[in-house]
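Notes for the structure review
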Amino acid sequence: AQTVTQSQPEMSVQEAETVTLSCTYDTSESDYYLFWYKQPPSRQMILVIRQEAYKQQNATENRFSVNFQKAAKSFSLKISDSQLGDAAMYFCAYRSFNTGGFKTIFGAGTRLFVKA
Amino acid sequence: GAVVSQHPSWVICKSGTSVKIECRSLDFQATTMFWYRQFPKQSLMLMATSNEGSKATYEQGVEKDKFLINHASLTLSTLTVTSAHPEDSSFYICSVKGNTEAFFGQGTRLTVV
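My aim in this report is to walk through the structure given alongside it, one point at a time.

A look at the nonpolar core
The biggest cluster of nonpolar side chains holds 25 residues, and the ones touching the most others in it are A:Tyr25, A:Trp36, A:Phe75, A:Leu77 and A:Tyr90. Mapped onto this core, the elements with two or more residues apiece are β3 (19-21), β5 (32-39), β6 (46-52), β8 (64-69), β9 (74-79), β10 (88-96) and β12 (110-115) of chain A. Here the element with the most residues in this core is β10(A); it accounts for 4 residues. Apart from the residues lying within four places of it in its own chain, the contact partners of A:Phe75 are A:Cys23, A:Tyr25, A:Leu34, A:Phe35, A:Trp36, A:Gln51, A:Val66, A:Asn67, A:Phe68 and A:Cys92. Among the nonpolar cores identified, the runner-up in size contains 24 residues, and B:Val11, B:Ile69, B:Tyr92 and B:Phe103 belong to it.

Shown next, in the form of structure tokens:
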């Protein structure tokens, strides 16, 4: 079974600075998706960024980028120029490409605090 | 992405009663939906996979007779918490399987008193 591990329960960053959230996962599959979701106080899950495992290029979405290391099974999220609105829970998630019922498995989450 | 509407947003019920939570896919044919449960300050735990027109697949440890799932159409899945008890109080989130990522409802906070 696949597992997702986020070893940082909490992180803090100064506004306008850069922060990196860590995520590792375990799978025997070669094709899969990895995601970072943001959950603000409203509890609505918001997709931040997506990475297809077959793509070597790291995904980037504006201030958000990932460092995807497939061999190491590592998928970290870098937030540049942090803003107060970035404060939230961040979940790393895994989804099989075409097996396992397509269910999304989540890590334990990292709570990000942004200091003004 | 798909728009997923979950109703109600919050509900309070008496112990022993049943509560139904609806998950609607407003603009996407949802052959597969997922139900998650989230305790305070914890992650989303998958409860079951709901497939249109067939029986739901429950994760290990989830009581299928307590958490009844019905997915009768491509736009609606329902989760009924039967004979609710205070320990069932939690945040329940549904999601719709997309081509790549899942799309989430806004969640339902259930409080059993």
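What about the packing of aromatic side chains?
Applying the stated criterion across every chain, the model contains 15 aromatic pairs over all chains. Plain terms: the ring middles of A:Tyr25 and A:Tyr32 are 5.4 Å apart, the flat faces sit at 65° to each other, and that makes the pair edge-to-face. In this structure, A:Tyr25 and A:Tyr32 share a single accessibility class: buried. Seen from their ring centres, A:Phe68 and A:Phe75 are 6.3 Å apart, and the 80° between their planes marks the pair as edge-to-face. Members of the aromatic cluster, connected to one another through ring pairs, are A:Tyr33, A:Phe35, A:Tyr37, A:Phe91, A:Phe106, B:Tyr36 and B:Phe104. One cation-aromatic arrangement involves A:Arg43 over B:Phe91; the distance from NZ or CZ to the ring centre is 4.1 Å. In this arrangement the basic side chain of B:Lys97 is found over the ring face of A:Phe102, its NZ or CZ atom lying 4.5 Å from the centre.

What counts as what
Residues numbered from 1 in each chain as written. Chains lettered and ligands numbered in written order. Predicted model: local features only at pLDDT ≥ 70, side-chain atom pairs only at ≥ 80, totals over all residues. Heavy atoms only, no water. Core = buried A, V, L, I, M, F, W, Y, C linked by side-chain atoms within 4.5 Å. Buried < 20%, exposed > 50% of the residue type's maximum accessible area, 1.4 Å probe, protein only. Helix = DSSP H or I, 4+ residues; strand = E, 2+ residues; numbered from the N terminus. Contact = heavy atoms within 4.5 Å. Phe/Tyr/Trp six-rings, centres within 6.5 Å; stacked < 30°, edge-to-face > 60°. Lys NZ or Arg CZ within 6 Å of the ring centre and 35° of its normal.

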